[in-house]
Amino acid sequence: MRDLVVCLVMAAPVVAAGPLAAQARSSPEPGIRDPNGHPFRTPSGSPLEPVHRLALLSATRDSLRDGIALADIGDRLGFWIRRDPDGEVEFAGAIHGGAFSRFDLGGPDQALIEVHYRIGVLLRARFGKVAARAELYHVSSHLGDEFLLDTGARPISTSREGMELMLQGSPASGLTVYGGPGVLLRATPDFEPISLRAGAAWESAPGARARFHASVDYFGWAELEWKPAVAAELGAALAQGTRVGLLLGFGPSRAEQFFQQSERLVGVSVSHVR
């Protein structure tokens, strides 16, 4: 439980830039710009994206069912943006990072099971009604000390660096679709390099009395013979950027140390993304 408290204390988000946020609200392409006015809206329903999330879940793996908590902490910081005079082309730079933790709710101390980290440098762009993002990232993971002592599990090395390229569009009001390939530049041990991510997200109009959202995210990796890792969310908005809803997942585990094992997740999630 001590690790969970530390993770939640660290979750203070960075304040958004006001002028850019105001400009984003008046943008003719709001679906592919984030609330800060930067191109390429963060696909917050993807387990790979650094966002703030707390989820209570039932996890089924190898016919065993466990109660777990996810405590994810993540944010991004834009440091550069440039727009052409007619507003049809823009470029933006950012960094983002997050810690993705999993805790055992069935044990007496709610011990840390696994934590993994993702940090990346982003180049984002918009060309008319299409946005693009290139990310150079690093991922590493660790098993919790108590989990190691209790189970005798042996950690595996998932440290790697890679690049991911994605396109994003908004074919209808409130609907955003995205997707693209990834390639590993370095990994220990050597993994199959190619991956693919795609997804879609929908949210009701900003002026609606009750606001709802739905998303689905797919991740496939040659290392896992393209077994689909699927995450889906359905819920309602509590405030700007804050959501609560039902979280579902199946396929290879989203916990890096167990990526070779398949699991099913179902539970309640609260998340926040700027």
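Summary of the structure given here. Computed from a predicted model, the values in this text were never measured in an experiment.

Focus: a negative patch on the surface
A grouping of Asp109, Asp145, Glu146 and Asp150 is seen on the molecular surface, where their side chains present a negatively charged patch. For Asp150, the location among the structural elements is in helix H3 (residues 145-151). Assessed through its relative accessible area of 66%, Asp150 is described here as exposed.

Some thoughts on the environment of Thr60
Its location among the elements puts Thr60 in strand S1 (residues 52-61). Distance in space between the C-alpha atoms of Thr60 and Phe250 is 9.3 Å, their sequence separation being 190 residues. Ignoring any residue separated from it by four or fewer positions in sequence, one finds Thr60 in contact with Arg65, Ser262, Glu263 and Arg264.

Details of the pattern of salt bridges
Under the definition given, this model contains 20 salt bridges. For Asp34, the salt bridge identified is with Arg124, shortest N-O distance 3.3 Å. A residue pair is termed long-range when its members are at least 10 positions apart, and Asp34 in the loop between helix H2 (18-25) and S1 and Arg124 in strand S4 (residues 112-127) qualify at 90 residues. Since its relative accessible area comes to 2%, Arg124 is described here as buried. A salt bridge links Arg126 to Glu90; the nearest nitrogen and oxygen atoms lie 2.9 Å apart. Highlighted residues: Arg126 in strand S4 and Glu90 in strand S3 (residues 89-104), separated in sequence by 36 residues. The same class applies to Arg126 and to Glu90, which are both buried. Three or more residues joined by partner-sharing salt bridges are found here, namely Glu49, Arg118, Arg133, Glu135, Glu164 and Arg197.

Parameters and conventions
Residues numbered from 1 in each chain as written. Predicted model: local features only at pLDDT ≥ 70, side-chain atom pairs only at ≥ 80, totals over all residues. Heavy atoms only, no water. Patch = residues over 30% accessible without salt bridge, like charges linked within 9 Å, V, L, I, M, F, W, Y side chains within 5 Å. Areas by Shrake-Rupley, 256 points an atom, 1.4 Å probe, with all protein chains shown as cover. Salt bridge = Lys/Arg side-chain N within 4 Å of Asp/Glu carboxyl O. Lys, Arg positive; Asp, Glu negative; His and termini not counted. Charge placed at Lys NZ, Arg CZ, Asp CG, Glu CD. Helix = DSSP H or I, 4+ residues; strand = E, 2+ residues; numbered from the N terminus. Buried < 20%, exposed > 50% of the residue type's maximum accessible area, 1.4 Å probe, protein only. Contact = heavy atoms within 4.5 Å.

These figures capture arrangement, not role.
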